[in-house]
Amino acid sequence: MTYASSARQPDPKPHPNWSRGAERPVGGPESSAVNDSNAVPITAAHTARQGALRHADTSLPFPETSAKGKKSTPTAGKVRADALRMLGCVRIATVRQMAAVITAEDADGRSYVRRAMKELAELGLAETNGKVGKHPIWNLTVVGQKALADGNELPPRPRAGTGAKAVKAGFGPHGVAVTDMILAFGGRDHLTGWQVEVNHAVKETGLSFNTDAVLAWPTKTSEVRLFELDNGTMSQARLAREVWDYERYAGHRVWEGARGTIGGTFPFWQRHRYTRSRAFPRLHVVLAGKAEHLLDNRLKALAADVEGIAVAVWVNTLPRLQRGEPWYEIGVDDPDRRRRRYPEPSGR
């Protein structure tokens, strides 16, 4: 997340309980009785599962199987097309990450993807600008983005960058970790529903920040989920300030009303950003980049730092997420408390 503002710490009352929450099971339908603004409490006997999207197919096709039930060898054209689609969604990825989605054949799958990426590079559609460890980091070129747009493979994303500048500047490991987070939260099933580095701003207050990833997740109360990844590179205090910024964004209201009428105030995000949502989107914070015991300590510290926040916040570590373990709920959506905390805008 690119941080470009400061945040005051609101009064911490009332204090939400630090409990554990889990997504709905894979493939399970959304219940009409579920209030999506609250996490589902679970016990230690449960495991976290990611829910399936009900309203849209945002998956990449699974590798085809032969009549004998064996995986067939993917064609070169299909691998290239799937690689373009994946990079169009997650922006940067390694061959390992692409193979896990495109071919699902482990080491053998990586050889298919390496060959496809070499061909895409020769065509000027993809390139590498850095490495994470010994592994090249791939991104689309501007020409590759145009080819993807011309094929109508993804929703229009006119402001999406290629990711090349970030990799050249040394931020490749963070982007690769974001891709790992995306793959851990649904992987192939939700891949084309993601956008990365999505700006959220309130011009009137000067608040502006980039959310690492946003997942289209239509429910009865919200249309997206927000994701922040900390790769162990920022201080604990700064991480907490970034989480509090989401409450500042959710708390900003705008006055609306025709001349000659009383008018009223409405949440900025609901009027100008997530217009089909009744509840502010849930924020998922994923911690990575350190040993697991240090990540657990960081998780507990973040829970203490954001106690009393009035937006829904779930937190997990990347290793736990990859193992399918539960999220921890450290913030509860409370629009009434947000309205008390932030001043009402004046009318005409």
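Residue positions are given per chain, counted from 1 along the sequence in the order it is written. Where totals are concerned, whole chains, interfaces and linings use all residues; where local detail is concerned, this predicted model gives features only for residues with pLDDT of at least 70, and gives and counts side-chain atom pairs only at 80 or more. Each side-chain value is worked out from all heavy atoms of the structure, with water and hydrogens disregarded.

## A short note on the confidence of the model for the protein
Under the convention used in this document: Values of pLDDT, ranging from 0 to 100, describe the predictor's confidence in every residue of the model. Any two residues having at least one pair of non-hydrogen atoms within 4.5 Å are treated as being in contact.
For the protein, mean pLDDT is 80; residues scoring 70 or higher make up 73% of the total. Contacts for the low-pLDDT stretch residues 24-56, under 50 throughout, to residues beyond four places or in other chains number 72 contacts.

## Description of the nonpolar core
Counted only if it meets this: Remark: nonpolar core denotes a set of buried residues (Ala, Val, Leu, Ile, Met, Phe, Trp, Tyr, Cys) joined through side-chain atoms within 4.5 Å. Relative accessibility decides the category of a residue: with a 1.4 Å probe and only protein chains considered, values under 20% of the type maximum give buried, values over 50% give exposed, and everything between is partly exposed. For the purposes of this entry, the term helix denotes a DSSP run of H or I that reaches at least four residues, the term strand denotes a run of E that reaches at least two, and both are numbered from the N terminus.
In this structure, Met98, Met117 and Met181 are the most contacted members of the largest nonpolar core, which totals 44 residues. With seven residues, the single largest contributor to this core is helix α1 (residues 76-90). Filtering out sequence-adjacent residues up to four positions away, methionine 181 remains in contact with Ala213, Phe227, Glu228, Leu229, Val286, Leu318 and Leu321. Judged by nonpolar contacts, the second largest core, of 34 residues, contains Leu207, Phe209, Tyr249 and Tyr328.

## A look at the sheet that holds strand β5 (residues 135-140)
Put simply, the rule is: For two strands to pair, DSSP has to find at least two bridges joining them.
If you trace the three strands from one edge of the open sheet to the other, you get β3-β5-β4, paired in antiparallel fashion. Edge positions in the sheet fall to β3 (92-93) and β4 (126-132), since each has one partner strand and no second. Taken together, the two bridges between β3 and β5 define a ladder with antiparallel strand orientation. Along β5, the bridge assignment pairs isoleucine 92 with asparagine 139.

## Topic: helix α9 (residues 292-305)
Definition in use: For a helix, the expected span equals 1.5 Å multiplied by the number of residues minus one. In this context, the arc is that of the directions from the helix axis out to the C-beta atoms.
Here α9 is 14 residues long and its end C-alpha atoms lie 20 Å apart, about the 20 Å a rise of 1.5 Å per residue gives. Among all positions of α9, only Leu295, Arg298, Leu299, Leu302 and Ala303 are buried. For α9, the buried positions fall inside an angular range of 140° around the axis, keeping them on one side. Seen from the buried face of α9, the exposed residues on the opposite side, beyond 90 degrees, are His293, Lys300 and Ala304. Looking at the buried positions of α9, the neighbouring elements they touch are β8 (224-230), α7 (236-251), β11 (283-287), β12 (313-317), α10 (318-322) and β13 (327-331).

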